[in-house]
Every structure is written in C-alpha cells, then in structure tokens.
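Structural overview
Spelled out from the first residue to the last, the chains are:
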Amino acid sequence: SRLTSFQSQTRSVGLLLNGQYGFKDKYLFNAGLRGDGNSRFGPENRYGLFPSASFRWRISGEKFMEKYRKFIDDLSFRASYGESGNAPRRDYSYFSTYSTFSWTYLGVAGVYPSNMELQDLRWETIVGKNLGLNLSMFKRRITLDVEVYTNTTKNLFFPGLQISSFTGFDRVDMNVGTMENKGF
C-alpha cells in the first residue's frame, strides 16, 4: 500500500474592453479587446490579447427601401471578426518537475524528471470570421437567418503528442499547427 498526495495551483486573469456605436439605427458597430493571463504558461507567453469587431447594416432602414416596408420588417447584413484563446489543461508544464521512484535503495528513494520543461507553449487562438443576412417579413411571420463562417485555430494545442523516446519521454504537449472549420 502506498500513500500519495498532490497539490497544484493555477491563476488566471481577464480584462474586457468593449465599445458599441449605432448611427440612425442603421449602422451598428461593436469593437472589443480581451486581455487574458494564465499561470500555466511560461513568463514569455503568459498574456494574450484577443480583438473582436462586428458591423451590422440595417438595409431596411434606408430610404430606397421605403416602398418595401409593407412586407419587409427587417433586412440586415452582418459581418464579424473575433479572436479567443485557450490555455493548456496542465499546471506547471513550463517547469521541470521531479518524482520519486516507488522503491528505495538503502532507505533512500531515487528521483527522476517527471515531465519535460515546456517554456514555449503559446495560447491556442481561435480566429472566427462570419458574414450573415437577416430577413424578417409579414410582421415577423417569416424569418430567415443565413450565415457563412470560417473558424481557424492557430497554435493548435495537442496534448500527449508521441515523440521518439531517446529523451526519456515518449509524449509531449505542444502547439502543433493550424486547423480550419468552414460552414454555413
């Protein structure tokens, strides 16, 4: 029988600055900047900035659309861009940590490195781009929302990536690439 114990601690901080502006209820703008910090990163990559912006043009509010107001309640075009970040799931990955063997020699336990020092882990960043159209007709009896989007994940975080074991480790957590997701 063996008794073990483990303790970890993580700190994260976030700040959001957001502004909105509307002109004549036809042109709507929104911009934001989010700053995040997380102790799971090394000192070089601990903080990340993630901007966002969106625009909406209410076409149905324009002068040339007045003759269609009997049956079109709302016609709008939307566009947006935004970034968000994900931190790794494990604590202390940027430190070399050590563990003891479960057996002893002459009453003293041996020590071995239990992880690889990962000081260059970066924020996994999701970049979203979106175009949309809203149409509402006949006192909102018919509505149509159409969207086209692209989400790109940069610095994709891959936990447990298999590597050659000559270093004494056979897996490592790394930022490995880019992934793109498109749809409508």
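Up top you'll find the structure we're talking about.
A few points on the structure. (Residues numbered from 1 in each chain as written. Predicted model: local features only at pLDDT ≥ 70, side-chain atom pairs only at ≥ 80, totals over all residues. Heavy atoms only, no water.)

**Notes on the packing of aromatic side chains**
Under the definition given, this model contains ten aromatic pairs. Between Phe-29 and Phe-55, the aromatic rings sit 5.1 Å apart at their centres with planes inclined by 40°, giving tilted as the arrangement. In this pair, Phe-29 is assigned in strand S2 (residues 27-38) and Phe-55 in strand S3 (residues 47-58), connecting sequence segments 26 residues apart. On the basis of relative accessibility, which here comes to 41%, the residue Phe-29 falls in the partly exposed class. Between the aromatic rings of Tyr-68 and Phe-71, the centroid separation amounts to 6.2 Å while the plane-to-plane angle is 80°, which identifies the pairing as edge-to-face. (Phe/Tyr/Trp six-rings, centres within 6.5 Å; stacked < 30°, edge-to-face > 60°. Helix = DSSP H or I, 4+ residues; strand = E, 2+ residues; numbered from the N terminus. Buried < 20%, exposed > 50% of the residue type's maximum accessible area, 1.4 Å probe, protein only.)

**Regarding the nonpolar core**
Counting residues in hydrophobic clusters, the biggest one holds seven residues: Phe-41, Phe-50, Leu-118, Leu-121, Trp-123, Phe-157 and Val-172. The contacts of Phe-157, once residues within four sequence positions are left out, are Pro-88, Leu-121, Glu-124, Asp-173, Met-174 and Asn-175. Core analysis: the next-biggest nonpolar cluster, separate from the first, contains five residues, Ile-59, Met-65, Ile-72 and Met-137 among them. (Core = buried A, V, L, I, M, F, W, Y, C linked by side-chain atoms within 4.5 Å. Contact = heavy atoms within 4.5 Å.)

**Side note on the sheet that holds strand S4 (residues 72-86)**
The seven strands lie next to each other as S1-S2-S3-S4-S7-S8-S9, forming an open sheet whose pairing is antiparallel. Edge positions in the open sheet fall to strand S1 (12-23) and strand S9 (171-183), since each of these has one partner strand only. Averaged over all adjacent pairs, the angle separating strand axes in this sheet is 10°, with direction ignored. With eleven bridges joining them, S2 and S3 adopt antiparallel strand pairing. Considered in S3, the bridge of Gly-35 is made with Leu-49. (Pairing = 2+ DSSP bridges. Axes fitted to C-alpha atoms, helices over the stretch in contact; angles between N-to-C directions.)

**Things to note about the layout of surface pockets**
Of the pockets and cavities examined, the largest pocket occupies roughly 510 Å³. Every residue lining the largest pocket is counted, 20 residues in all, and those nearest its centre are Arg-90, Asp-91, Thr-97, Ser-114 and Asn-115. Those elements that provide at least two residues to the lining of the largest pocket are strand S5 (98-105) and S9. With three residues, the single largest contributor to the lining of the largest pocket is S9. Among the residues forming the lining of the largest pocket, the class breakdown is seven nonpolar, nine polar and four charged. Along its surface, the second largest pocket is lined by Asn-86, Ala-87, Pro-88, Arg-89, Arg-90, Ser-93, Glu-124, Phe-157, Pro-159 and Asp-173. Taken together, the residues of the lining of the second largest pocket sort by class into four nonpolar, two polar and four charged. (1 Å grid on protein atoms, 1.4 Å probe; cavity = no way out; pocket = protein on both sides within 12 Å on 5 of 7 lines; lining within 4 Å. Points joined across faces, edges and corners; volume = space filled by probe spheres on them. Nonpolar A, V, L, I, M, F, W, Y, C, P; charged D, E, K, R; others polar.)

**Observations regarding the side chain of Asn-175**
Position of Asn-175 relative to the elements: it lies in strand S9. A residue is classified by how much of its surface remains accessible, and Asn-175, at 12% relative accessible area, is buried. Within the structure, the side chain of Asn-175 is placed 2.7 Å from the backbone oxygen of Asn-155, a separation counted as a polar contact. Once you skip the residues sitting within four places of it in the chain, Asn-175 turns out to touch Asp-120, Leu-121, Arg-122, Asn-155, Leu-156 and Phe-157. (Polar contact = N/O pair within 3.5 Å; in protein donor to acceptor, adjacent residues only side chain to side chain.)

**Here we look at the side chain of Arg-58**
Tracing the backbone through its elements, the reader meets Arg-58 in strand S3. Overall, the relative accessible area of 19% leaves Arg-58 in the buried class. Beyond its immediate stretch of four places on either side in the chain, Arg-58 contacts Asp-25, Lys-26, Leu-28, Asp-74, Leu-75 and Ser-76.

**A short note on the environment of Phe-71**
As for its position among the elements, Phe-71 is in the loop between S3 and S4. Phe-71 gets classed as partly exposed once you look at its relative accessible area, which sits at 32%. Note: C-alpha distance between Phe-71 and Met-137 (66 residues apart in sequence) is 5.4 Å. Residue contacts for Phe-71: discarding those within four places in its chain leaves Ser-136, Met-137 and Phe-138.

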